[in-house]
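# A structural walkthrough
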Amino acid sequence: MRVLGIESSCDETAIALVRGADDSITVETNLVSSQIDIHRAFGGVVPEVAARRHVDVIFPMLTEAGVPHDGVGIDAVAVTAGPGLIAALRVGVELAKALAWAWRKPLVAANHLEGHLYSTWVRLEGDEGSEGMPEFPALALLVSGGHTELILMRGHGDYAPLGATRDDAAGEAFDKVAKQLGLPYPGGPEVSRAAREGKPDAIAFPRPMMDSGDLDFSFSGLKTAVAVYRAEHPETPIADVCASFEQAAVDVLVGKTLAAAARVHPASVILCGGVSANMRLRETLAASVAAHVPDATFHAPAPAFTGDNAAMIAAAGYFRVRAVGRRLTGGAGHLADPLTLRADPNLPLA
Ligand code: KG4
Ligand code: ZN
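Okay, so let's go over this structure. Sequence order as written defines residue numbering, which begins from 1 separately in each chain. Here the convention is simple: chains get letters from A, ligands get numbers from 1, in the order in which they are written. In keeping with the model being predicted, local features are shown solely for residues with a pLDDT of at least 70 and side-chain atom pairs are shown and tallied solely at 80 or more, while totals for entire chains, interfaces and linings include all residues. To obtain the side-chain values, all non-hydrogen atoms of the structure were used and water was disregarded.

Take the overall build of the chain next. Along the chain, the regular secondary structure elements total ten helices and eleven strands. Restricting the calculation to C-alpha atoms gives the radius of gyration, and the globule rule supplies 2.2 Å times the number of residues raised to the power 0.38. Relative to the compact-globule value of 20 Å for 350 residues, the chain shows a C-alpha radius of gyration of 20 Å, a close match. By principal-axis analysis of the C-alpha atoms, the chain measures approximately 60 × 45 × 35 Å. Each residue gets one of three labels from its accessible area relative to the maximum for its type: buried under 20%, exposed over 50%, partly exposed in between, using a 1.4 Å probe on protein chains only. By the burial criterion, 52% of the 350 residues in the chain qualify as buried. In the chain, of all internal contacts separated by at least 6 residues, the share reaching a separation of at least 24 is 74%. Put simply, the chain shows about 14500 Å² of open surface, and 55% of that area lies on carbon and sulfur atoms. A positive count includes Lys and Arg, and a negative count includes Asp and Glu. His and the chain ends are not counted in either. Here the site of a charge means atom NZ of a Lys, CZ of an Arg, CG of an Asp or CD of a Glu. Side-chain charges of the chain comprise 29 positive and 41 negative groups, with the mean position of each set lying 4 Å from the other. Numbered from the N terminus, helices here are DSSP runs of H or I no shorter than four residues, and strands are runs of E no shorter than two. We call two residues in contact when some of their heavy atoms are within 4.5 Å. Accessible surface area values rest on a Shrake-Rupley calculation with a 1.4 Å probe, where residue burial reflects the displayed protein chains alone.

Below, the discussion takes up the pairing of strand β8 (residues 148–155). A regular strand places its side chains on the two faces of the sheet in alternate fashion. Counting buried positions along β8 yields seven of eight residues, so the element is predominantly enclosed. For two strands to pair, DSSP has to find at least two bridges joining them. Two elements, strand β7 (residues 138–143) and β8, share six bridges in a ladder whose sense is antiparallel. Residue pairing across strands places L142 opposite E149, the latter belonging to β8. The antiparallel hairpin formed by β7 and β8 contains four residues in its connecting segment. Of the strand pairs in this sheet, β8 and strand β9 (residues 158–164) are connected by six bridges, and their pairing is antiparallel. Paired with E149 across the two strands is A164, which belongs to β9. Taking the residues that link successive antiparallel strands as the turn, the β8-β9 hairpin has two residues, and the phi of G157 there is positive, at about 75 degrees.

We now examine the pairing of strand β3 (residues 24–34). Direction of pairing for strand β2 (residues 12–21) relative to β3: antiparallel, over a ladder of ten bridges. Residue G20 lies in a different strand from β3, and its bridge partner there is I25. Hairpin connection from β2 to β3: two residues lie between these consecutive antiparallel strands, with D22 at a positive phi of about 50 degrees. In this structure, β3 lies alongside strand β6 (residues 122–124), joined through three bridges in parallel fashion. What sits directly across from I25, in β6, is V122.

If you check helix α3 (residues 86–103), its first and last C-alpha atoms are 25 Å apart, about what 18 residues at 1.5 Å a residue would give, namely 26 Å. Within α3, the full set of buried residues consists of A88, L89, V91, G92, V93, L95, A96, K97, L99, A100 and W103. The secondary structure elements touched by the buried residues of α3 are β1 (2–7), α2 (47–64), β4 (76–82) and β5 (107–111). Phi turns positive one or two residues past the end of α3, at R104, with a value near 60 degrees. To estimate the expected span of a helix, subtract one from its residue number and multiply by 1.5 Å.

Right, let's talk about the coordination of the zinc ion (ligand 2) for a bit. The rule for donors is simple: N, O or S, within 2.8 Å of the metal, or within 3.2 Å if the metal is Na, K or Ca. Water isn't counted, so a site may look like it is missing partners. Every protein donor of the zinc ion (ligand 2) is listed here as H112 (NE2), H116 (NE2) and D308 (OD), and their distances to the metal cover 2.0 to 2.1 Å. Just to be clear on the cut-offs, tetrahedral is four donors with all angles between 85 and 135 degrees, square planar is four donors and octahedral six with opposite donors over 155 degrees apart and all others between 65 and 115, and anything else goes down as irregular. Around the zinc ion (ligand 2), the four donor atoms are arranged such that angles at the metal cover 93 to 138 degrees; this shape is classified as irregular. Sequence positions of the residues that donate to the zinc ion (ligand 2) give the spacing H-x3-H-x191-D. Of this pair, H116 sits in helix α4 (residues 112–118) while D308 sits in the loop between β11 (297–299) and α10 (311–326), placing them 192 residues apart in sequence. You can call H116 buried: its relative accessible area is 0%.

Remember that the coordinates give geometry; whether it matters functionally is a separate question.
Here is the structure:
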């Protein structure tokens, strides 16, 4: 099955063509147009500016991706319907509706978080991956600029949220700490680069909610602790501040994931979302899963699919269409109506 994926929920416009077969997804084309340079001047994403930029680039990207104007050879269209910035989401959703309607092809309204989960099923052509596909039940730590969530995936399309951040997302904390330290936007990669030169035990930052007994997170206090420390100790090298902050964030993320694993006994553990590009987090979680959840395999997306992309949305679309097609009673519940679908900035995962 060949699926066109469309993503425009935030500041990346993305178009992808993937092939789904059995339980894996191979990427044919994966185009991402980032607006980071445009939003950097504002220190963050400006929704109206993002939406206008999506409109400018999305049609040329369809052409660049080689999407045929008559849809021949494409079996389904999948689009991010939420959560995200409403004006930005609408650009992708209205395009997907028009294409699916004109081509008479199934339309999938994918959840952006669902897309990040499916990024671990995505492979580039020729890349077999070493660890195979995640098995169910899969426990996912989803860490991005807008979300920090622990999600139990019981099967394809079957999600149970276990915990989430009560304030800032992990990526947001990285971005805000970078801003405090005068590093450019987006700050996550900058902080992790600076951290490589620093000592992770230089400063004892708090590990918020580490022993709260639930599976929720809080990162706003940690961000404030960095600001207070910085004001009181301007002489401390930025690298030490970055490394110590990063270690505190990683300790909490890994600690909570292990606590969740002890409850749900997963067959696999998934790390996904933009912050999954962070090497300290990846390596620490992989080693911790091997040591403490030895029956589970560990999966993280290939570097090209950690941030926002449309291959992961097309992957979610493939598994949705496959599930609906197999259901004997039919029911359009899981496919979207191209005439009535609306983007939803707060679209729930389950
Ligand atoms: O998934 P994503 O591309 O967009 C959202 O859905 O939010 O995640 C973007 C977030 C940003 O906050 C960015 O700073 C963070 O991921 N990020 C990182 C790293 N690379 C990206 N955070 C920490 N370390 C990194 N290496
Ligand atoms: Zn994302």
